[in-house]
Amino acid sequence: MPQSAATISGIQRMVLYETRARYFLVGSNQAQTKHRVLKIDRTEPKDLVIIDDKHVYNQQEVRELLGRLDLGNRTKIGQKGSSGLSRAVSAFGIVGFVRFLEGYYIVLITKRREMADIGGHSIYKIEDTTMIYIPNDSVRVAHPDEARYVRIFQNVDLSSNFYFSYSYDLSHSLQYNLTLLQRPYELWSSAASSGEEEVHTQSKQDSFDIFEDEGLPTQVVYGLQTEPYYKYVWNGKLLERVKDIVHHDWLMYIIHGFCGQSKLLIYGRPVHITLIARRSSKFAGTRFLKRGANCEGDVANEVETEQIVHDASVMSFTAGSYSSYVQVRGSVPLYWSQDISTMMPKPPIRLDQADPYAHVAALHFDQMLQRFGSPIIILNLVKKREKRKHEKILSEELYPAVINLNQFLPPDHCIDYIAWDMARYTKSKLCNVLDRLSMIAENVVKRTGFFINRSDFYCHTLRPDDRWGDLGGHIASSGRVQTGVLRTNCVDCLDRTNTAQFMVGKCALAYQLYALGMIDKPKLQFDTDCVRLFEELYEDHGDTLSLQYGGSQLVHRVKTYRKIAPWTQHSKDIMQTLSRYYSNAFSDADRQDAINLFLQVYQPSETKPHLWELPTDFYLHQRSTMALPQDRRSYTLWWSEGILSYLPVAYDEGTFSIYNICIFHNIKRVNRFDEGIDIYTEFFKPYELTCFDDTFCIAMTNSAREFMPKTVGVDPSPFTVRKPEETGKSVLGNKSNKEETLLQRKTAASAPPPPSEEAISSTSEDDSEDDRDDDGSVSQRSTPIKLLTDSGESSRTQEQQTVKEPYGLNLAEFPSEEDWNVFVRPSFERIVCFFSPPFPLREPVSCFPDDSVFSVCPPQVDRNSHDVFESHVMLGQGQVRALCREDVLMYREYIKNRYM
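Computed from a predicted structure; not experimentally measured.

### Overview of the packing of aromatic side chains
Enumeration over the complete set of coordinates arrives at 29 aromatic pairs. Their ring planes at 35° and their centres at 5.4 Å tell us that Phe153 and Phe598 sit as a pair that is tilted. Here Phe153 is found in helix α2 (residues 146-153), whereas its partner Phe598 is found in helix α17 (residues 568-598), with 445 residues between them in sequence. Residue class for Phe153 comes out buried when judged on its relative accessible area of 4%. By relative accessible area, which is 1% here, Phe598 ends up buried. When the centroid spacing of 6.1 Å and the interplanar angle of 55° are considered together, the rings of Phe162 and Phe598 count as tilted. Placement of Phe162 in strand β10 (residues 162-164) and of Phe598 in helix α17 is noted, with a sequence separation of 436 residues between them. Of the residues examined, Phe162 reaches a relative accessible area of 1% and is grouped as buried. The ring of Tyr23 carries the charged tip of Arg42 above its face, separated from the ring centre by 4.4 Å. The positively charged end of Arg148 is found above the aromatic ring belonging to Trp612, 4.0 Å away from the centroid.

### As for helix α15 (residues 529-549)
Spanning 21 residues, α15 covers 30 Å between terminal C-alpha atoms, matching the ideal 30 Å at 1.5 Å per step. Burial within α15 is extensive, with 18 of its 21 residues counted as buried. Two residues or fewer after α15 comes Gly551, characterised by a positive phi angle close to 90°.

### Quick word on the pattern of salt bridges
It is possible for side chains of opposite charge to pair when their charged atoms get near one another. Per the counting criterion, the structure on display carries 32 salt bridges. A salt bridge links Lys231 to Glu302; the shortest N-O distance between them is 3.0 Å. With a gap of 71 residues between them, Lys231 in the loop between β11 (220-226) and α7 (236-239) and Glu302 in the loop between β13 (269-279) and β14 (303-311) connect regions that are remote in the sequence. One salt bridge connects Arg496 with Glu391, and the closest N-O pair in it is separated by 3.2 Å. Of this pair, Arg496 sits in helix α14 (residues 495-515) while Glu391 sits in the loop between β18 (376-380) and α9 (392-406), and the two are 105 residues apart along the sequence. Judged on exposure class, the residue Arg496 and its partner Glu391 are both buried. When salt bridges with common partners are traced through the structure, they connect Arg278, Glu304, Glu306 and Arg371 into a single cluster.

### Regarding the pairing of strand β19 (residues 416-419)
Summarising the sheet, β18 and β19 pair through 4 bridges and their orientation is parallel. Paired with Ile377 across the two strands is Asp416, which belongs to β19. For the crossover from β18 across α9 to β19, the handedness is right-handed.

### Here we look at the packing of α14 against α15
It is the contact of α14 with α15, at a shortest axis distance of 10 Å, that shows an interaxial angle of 140°. Here α14 is positioned oblique relative to α15, judged by the angle of their axes. Note that α14 runs across α15; the crossing there is right-handed. When α14 is examined against α15, the residues Asn498, Gln501, Phe502, Gly505, Lys506, Leu509 and Leu513 are found in contact with a partner set consisting of Cys530, Val531, Phe534, Glu535, Tyr538, His541 and Gly542.

### Here's the deal with the sheet that holds strand β2 (residues 13-18)
Taken together, 5 strands build an open sheet; the order of strands is β5-β4-β3-β2-β6 and the sheet is antiparallel. In the strand order of this sheet, the two ends are held by β5 (50-52) and β6 (86-91), each with one partner. In this sheet, adjacent strand axes meet at a mean angle of 20° when their direction is disregarded. Of the strand pairs in this sheet, β2 and strand β3 (residues 22-28) are connected by 6 bridges, and their pairing is antiparallel. Across the sheet, the residue bridging to Arg13 is Ser28, located in β3.

### A few points about the pairing of β3
Within β3, 6 of the 7 residues are buried, which leaves it mostly tucked inside the rest of the structure. Of the pairings in the sheet, the one linking β3 to strand β4 (residues 35-41) comprises 7 bridges and is antiparallel in character. Bridging from a neighbouring strand, Val26 pairs with Val37 of β4. If you look at the hairpin formed by β3 and β4, you'll find 6 residues sitting between the two strands, and Gln32 has a positive phi there, around 60°.

### Quick look at the side chain of Asp588
Relative to the helices and strands, Asp588 resides in helix α17. At 3.1 Å, the side chain of Asp588 forms a polar contact with the side chain of Arg591.

### Let's talk about α14
End to end, α14 covers 30 Å across 21 residues, agreeing with the expected 30 Å (1.5 Å per residue, within 8%). Just downstream of α14 lies Gly517, where phi reads positive at about 80°.

### So, unusual backbone geometry
At the junction of Ser374 and Pro375, the peptide bond is cis and its omega measures out at 5° in the coordinates. Note the cis peptide between Leu647 and Pro648, where omega equals 10°. By secondary structure assignment, the location of Pro648 is in the loop between α18 (618-621) and α19 (651-654). In the Ramachandran plot, Cys493 falls in the positive-phi region, its phi being about 60° despite a non-glycine side chain. Here Cys493 shows up in the loop between β23 (485-489) and α14. One non-glycine residue, Lys685, lies in the positive phi region at around 50°. On the accessibility criterion, Lys685 (17% relative accessible area) is buried.

### Thoughts on the confidence of the model for the protein
Scored by pLDDT, the protein has a mean of 79; 76% of the residues are at 70 or more. Predicted confidence for residues 195-216 stays below pLDDT 50, and this span has 25 contacts to residues more than four positions away or in other chains. Scored below 50 in pLDDT, residues 829-839 makes 8 contacts in the model with residues more than four places away or belonging to other chains.

Rules used in this analysis
- Residues numbered from 1 in each chain as written.
- Predicted model: local features only at pLDDT ≥ 70, side-chain atom pairs only at ≥ 80, totals over all residues.
- Heavy atoms only, no water.
- Phe/Tyr/Trp six-rings, centres within 6.5 Å; stacked < 30°, edge-to-face > 60°.
- Helix = DSSP H or I, 4+ residues; strand = E, 2+ residues; numbered from the N terminus.
- Buried < 20%, exposed > 50% of the residue type's maximum accessible area, 1.4 Å probe, protein only.
- Lys NZ or Arg CZ within 6 Å of the ring centre and 35° of its normal.
- Expected span 1.5 Å × (residues − 1).
- Salt bridge = Lys/Arg side-chain N within 4 Å of Asp/Glu carboxyl O.
- Pairing = 2+ DSSP bridges.
- Right-handed = clockwise from strand over helix to strand, strands pointing away.
- Axes fitted to C-alpha atoms, helices over the stretch in contact; angles between N-to-C directions.
- Parallel < 35°, antiparallel > 145°, perpendicular 65-115°, else oblique.
- Left-handed = near helix turned anticlockwise from the far one by under 90°.
- Contact = heavy atoms within 4.5 Å.
- Polar contact = N/O pair within 3.5 Å; in protein donor to acceptor, adjacent residues only side chain to side chain.
- pLDDT = per-residue confidence, 0-100.

Structural data, given as structure tokens:
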């Protein structure tokens, strides 16, 4: 039995009711068995007055409460024509409360869509929101600029890549969340006893147990609700006003970035691959308006990307197998910017401030050491050789800063710096970009390791791999922990960075699948279903992040660097470049104002200039420059106190002490069957009538459905190398018209042997030309079949071939002599005995002693199965067997949770 579990939010559905004096927000859990009520005053013109009575209502009590409110708010007693309580909107969560120049607004989520599932914890994407003005019209004080602020605020499209979860902390990594749940029992018992007052001062009604005289102990689990990591929370400021007023179930934190999940089927065994990107809310903005770092060490376009691999056949966090790997991208941590007033495609880079002691870089890497541990590995992809200095300026400043910081760190925990001119290697025909990235990725993953919540398989000891023994990270009793992180950057941290992160993620994915026992060696090859699925996830991930920061999708993709991109891709790249240039020149300023207003970096006031009147937002993001620092940080001991004592483990994960858990997390003792931690009921919803085809696990991207060839005789393994035209997507996409369709039959016998990894990785432009030739003509390894024919003979030929397509044999042909003798033998052997049969007698092939369907041995049934069947028969006859101890315990917990 687990000692701790993640707490599920008790408010997942909301209904907003309206009267002239108040808003009543009624929230309920998923099963709608527990309700809470939030009262919002509408008579205050500029203040937010919220009352949360902290009482939990059942369904009957809520109906009675709403009935009394409806009756009490009618204009005349006994009037039936008009209602005093009207239903305003239904919602799934609160984004926050915001005020500009008039009163407060409430932002509610009105539509959601499930995007991923991690151990039964659903992750949702915001599809639609509504913004409701709280004060009544009778007390509203109008301001002429209010409408303009509302339009700017709504320029942040909340229906575009904002995610939330009711039971899983998206702001932290899977390693952090599972490591916290695996703390010792003594830690939880001490933390719960010294926690909040409501945890250890329960009412008599809550502690009453009708079965306590029977000596059946209550099974206690510690429910944990973690405090989010506010750097990746985008509505933290919007909830700050009510955070200490309302119950924590009302608070729902959202992240911005990307979330995608696909299913990898390995001979029917489901493995879910999830990609989560968290965009930092610190120093956030658009491409040319946010460069470098601010004075607090936060960098522009900082995104933490986490890939999670888990065996979906077991859902529980405690019993299942889960693995994750984290890497980071972000702008070069220096004071630098680009002047966009010249309207140039590549504005010149300028250093805004001299930093000889690398103060801002020290602040940034201090944050990384605290969150990820050591080693911190920098992969700098900017150009080294240029006719006119442009990107090289950043490398010349970053490298001395790293050298300066490393001289004060212990040698075992120094920052690693890898500089590689990726653009120059791409132009060279003698060098392969992805081969070089594969070598870098192998070195990086071996140093940082990855997270997995289970110990090594015994097969790893029987068939050891040399690379597995050299793997780094921290080895714990319950598995492995990633220590350190790879930080990748180019100038924009978009195209080159995404390709480099894909290669590192591909290398880490091989180790993760090997650790889960799915493959026999930690190595994956290109052009397999697994890598194609992973590449598609990373391309969606790169396109989404590029749209958020740069205003267009990726210009250079993985296929571009493999030099197998089709010729039509060049025109698309030109269009994406033009789209990015237009967005940067004309719409980025409005988007930046919207981000500043949404994140409350700028808060409107009548005593200061309006947002659109500010010549620059520099001082909004550089708050420390406006005041003299009280205590200056040391230039030599530039890290925070206590970090070195935990390295290489991250400081945030090494300080799971009783004090820190009580301060930063909400802990309560609950029953094992309490619906507040029952993830099984939360995921499967046994109280609802649902359709299996509508479940998310059926609708998600499937490697067998989307990528595996739809032909007979093909190896179904997702780790088999295939030709580019053999995927399920390309076969389905080659249908040009309805009159004539060519279906290519590919079999294992006619397919060439799989090429080696070196041959695949060294694919050049010649391969892409061959692919284009194959598109125009029928492949020599395939047989064209015309579906529409005129002659009967060709029609019969077509019918035979289509029959052979799904079954692997032609049913119209006469069977062979041996098959025919096996088919007709049983009946003629006994009936005709006075003449010799037209076929030779054969030995019985059945496993039974007598080859007859009338005399067989009955199957053996064990005693437990016999008892179960006998109990079902007795129950049908009205006889109920005596309950055992487990049945009484289960019934007691059901009565206690349902009716008490």
